[in-house]
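# Descriptive structure summary
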Amino acid sequence: MPQASKQFQWNNQQKLVAHRNMHHLFPAYTIKAGSRLDDLPRQDDGPLLRSLARVGVDVGGYMDAAEATALLVIRHGRIVLERYTRDNNEDTHWASRSMAKSITSLLIGACIRDGRIGSVDDPVVHYVPELASTHYDAVTVRHCLEMTSGVAYSEDYSDTSSDVAKLQLCTVNGKPGGFLAFLKALGSRADRQPNRPGSVFNYCSADTVLLGQVIERATGQVAPVLLEEKVWSRLGMESDAYWNAEANGGSVFTASGFGATLRDYGRLAQFVLGGVVLPDGPPLLPKGWLKDSLTASEASIRAGTPYGFQWWLHENNGVVSTKLGTNDVRLRGGNSVFYAIGNAGQVILVNPAEDTVVVKWAVWGAASQFEIRRRQDQSFFAALFEALRQQD
């Protein structure tokens, strides 16, 4: 098994093993599925594969070239394509990496719907007073959702001394309170100049970890307990999920560390595509939450990467995100597309205009290849949506 403390040095083979076993490598909470199964219907994938082949796209070839390890496409509520490679299968629980951030966003919305968090414009120190008298005095829940907290922070996965590397080590050290101590030190640092909250988009996993602290203080529950109660036990999932933590019984790594099966990721994506409507009980989110979540902040538009409440937006006011590559290829329905992304190539892509969701797992290796992989994904998704339209 790969060493947990050296995850930034894992090679492809180590990532392959680790991403199937993150709940064994790190402390984790189990998120129980309910007794009811939503058995997703499926249709023959032959016509889709033939349509793709006519434009020179072979699914297996794409997956091999793009280091993809699983692929799921659901259209009009039916599975139209499901593939696993490199010994993954329908029972594999695969690491979300930063796709977990979008789940955390849903939970913040649920807390506001329940009145446990007053508003996205509440100061974070209202819920986490230990951060008072630091940079976080002026930071709101909205700033953290939009990655505009302004805290001085580096998310460089190639630098083992970067802030994100130190943040990841909180899940290795096994000390309760590790995340809070990290945030307090980050907000108090004097070696680098912060930005004014709300002024600059800076992708920052610490912002999402802080949202996890807000959830914990506002509800008295860690995020996975809330997720099980509100969503996982009620949505017809076929398997339990997990979520990594700083220590057994400690705070949760709400920026990453989630794991589930491919079809359960698909069910979660369908849930969002359908407007986050639960099969029973009251609404999960406040009215208008999803629309607000999918509205890009001005700071992210200026940065050229439209971003809402922990969701990447593919197109916004003429700005096309580079998160799926810098090809000139356009996606059918692209101005409605939004996605969650993990740093090893994981994607949950939601395309409301095409009534389609795509889940892809991967084990991207060298950072120097990431742009090539993004372009491969973008080209494949563009061909996929065109081929799907031909099936209607």
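Each value, and the rule that gives it
- Residues numbered from 1 in each chain as written.
- Predicted model: local features only at pLDDT ≥ 70, side-chain atom pairs only at ≥ 80, totals over all residues.
- Heavy atoms only, no water.
- Helix = DSSP H or I, 4+ residues; strand = E, 2+ residues; numbered from the N terminus.
- Rg over C-alpha atoms; globule rule 2.2 N^0.38 Å.
- Buried < 20%, exposed > 50% of the residue type's maximum accessible area, 1.4 Å probe, protein only.
- Contact = heavy atoms within 4.5 Å.
- Areas by Shrake-Rupley, 256 points an atom, 1.4 Å probe, with all protein chains shown as cover.
- Lys, Arg positive; Asp, Glu negative; His and termini not counted.
- Charge placed at Lys NZ, Arg CZ, Asp CG, Glu CD.
- Phe/Tyr/Trp six-rings, centres within 6.5 Å; stacked < 30°, edge-to-face > 60°.
- Lys NZ or Arg CZ within 6 Å of the ring centre and 35° of its normal.
- Pairing = 2+ DSSP bridges.
- Axes fitted to C-alpha atoms, helices over the stretch in contact; angles between N-to-C directions.
- Core = buried A, V, L, I, M, F, W, Y, C linked by side-chain atoms within 4.5 Å.
- Parallel < 35°, antiparallel > 145°, perpendicular 65-115°, else oblique.
- Left-handed = near helix turned anticlockwise from the far one by under 90°.
- Nonpolar A, V, L, I, M, F, W, Y, C, P; charged D, E, K, R; others polar.

In terms of regular secondary structure, the protein chain is built from 14 helices and 12 strands. Computed over C-alpha atoms, the radius of gyration of the protein chain comes to 20 Å, within 12% of the 21 Å expected from 2.2 N^0.38 for 392 residues, which places it in the range of a compact globule. Residues classed as buried in the protein chain amount to 59% of the 392 residues present. Taking as baseline every contact in the protein chain between residues at least 6 positions apart, the subset at least 24 positions apart corresponds to 71%. In the form shown here, the protein chain has an accessible surface area of approximately 14,900 Å², with 47% of it arising from carbon and sulfur atoms. Each charge sign in the protein chain was given a centre, from 39 positive and 41 negative side chains, and these centres are 1 Å apart.

In the structure shown here, the tally under the stated rule is 17 aromatic pairs. Centre to centre, the rings of Y62 and F380 are 4.1 Å apart; their planes meet at 0°, and the pair counts as stacked. Residue Y62 is located in helix α4 (residues 59-65), and its partner F380 is located in helix α14 (residues 370-391); the two are separated by 318 residues in the primary sequence. Their ring planes at 50° and their centres at 5.3 Å tell us that F201 and Y307 sit as a pair that is tilted. Taken as a pair, F201 in the loop between α8 (178-188) and α9 (205-219) and Y307 in the loop between α13 (298-302) and β7 (312-313) lie far apart in primary sequence, 106 residues in all. The exposure class assigned to F201 is buried, which follows from its relative accessible area of 13%. Clustering of aromatic rings is evident, with ring pairs tying together W94, W232, W243, F258, Y265 and W361. Between the NZ or CZ atom of K323 and the centre of the ring of W312, over which it lies, the distance is 4.6 Å.

Looking now at the sheet that holds strand β6 (residues 258-260). Pairing is antiparallel across the open sheet formed by 4 strands, whose spatial order is β1-β5-β6-β4. Both edges of this open sheet fall to β1 (28-31) and β4 (94-95), since each of them pairs with a single strand only. Pairing analysis gives 4 bridges linking β1 to strand β5 (residues 241-244), with the strands arranged antiparallel. Pairing of I31 across the sheet is with A241, part of β5. Of the strands in this sheet, β4 and β6 touch helix α11 (residues 262-273), which is tilted by about 110° from β6.

With 123 residues, the main nonpolar core has Y136, W243 and F258 as its most contacted residues. A4, W10, L25 and A95 belong to the second-largest nonpolar core, a separate cluster that totals 8 residues.

This part takes up unusual backbone geometry. Unlike most non-glycine residues, H76 shows phi in positive territory, near 55°. Following the sequence through the fold, H76 ends up in the loop between β2 (68-75) and β3 (78-84). A positive phi angle, near 55°, is found at R86, a position not held by glycine. The residue R86 is located in the loop between β3 and β4 in this model.

Attention shifts here to the packing of α8 against α9. Following both chains from N to C, one finds α8 and α9 inclined at 125°, their axes separated by 10 Å at the closest point. In terms of orientation, α8 and α9 fall into the oblique class. The chirality of how α8 crosses α9 is left-handed. Here F179, L180, F182, L183 and L186 of α8 lie close against α9, whose contacting residues are A206, V209, L210, Q213 and R217. Taken together, the residues of the contact of α8 with α9 sort by class into 8 nonpolar, 1 polar and 1 charged.

Here we come to the packing of helix α3 (residues 46-54) against α14. Here α3 crosses α14 at 125°, and the two axes come no closer than 9 Å. It follows from the interaxial angle that α3 and α14 lie oblique. Handedness of the α3/α14 crossing: right-handed. On α14, the residues touching P47, L48, S51, L52 and R54 of α3 are A383, L384, A387, L388, Q390 and Q391. Across the contact of α3 with α14, the residue classes tally to 7 nonpolar, 3 polar and 1 charged.

To continue, consider the pairing of strand β10 (residues 338-341). Of the two faces of β10, the one lined by F338 and A340 and the one lined by Y339 and I341 are each fully buried. Bridge count between β7 and β10: 2 bridges; the pairing is antiparallel. Pairing of L313 across the sheet is with F338, part of β10. Both β10 and strand β11 (residues 347-351) contribute to a ladder of 4 bridges, which runs antiparallel. Across the sheet, the residue bridging to I341 is V347, located in β11. Counted along the chain from β10 to the antiparallel partner β11, the turn is 5 residues long, and its residue G345 has a positive phi close to 100°.

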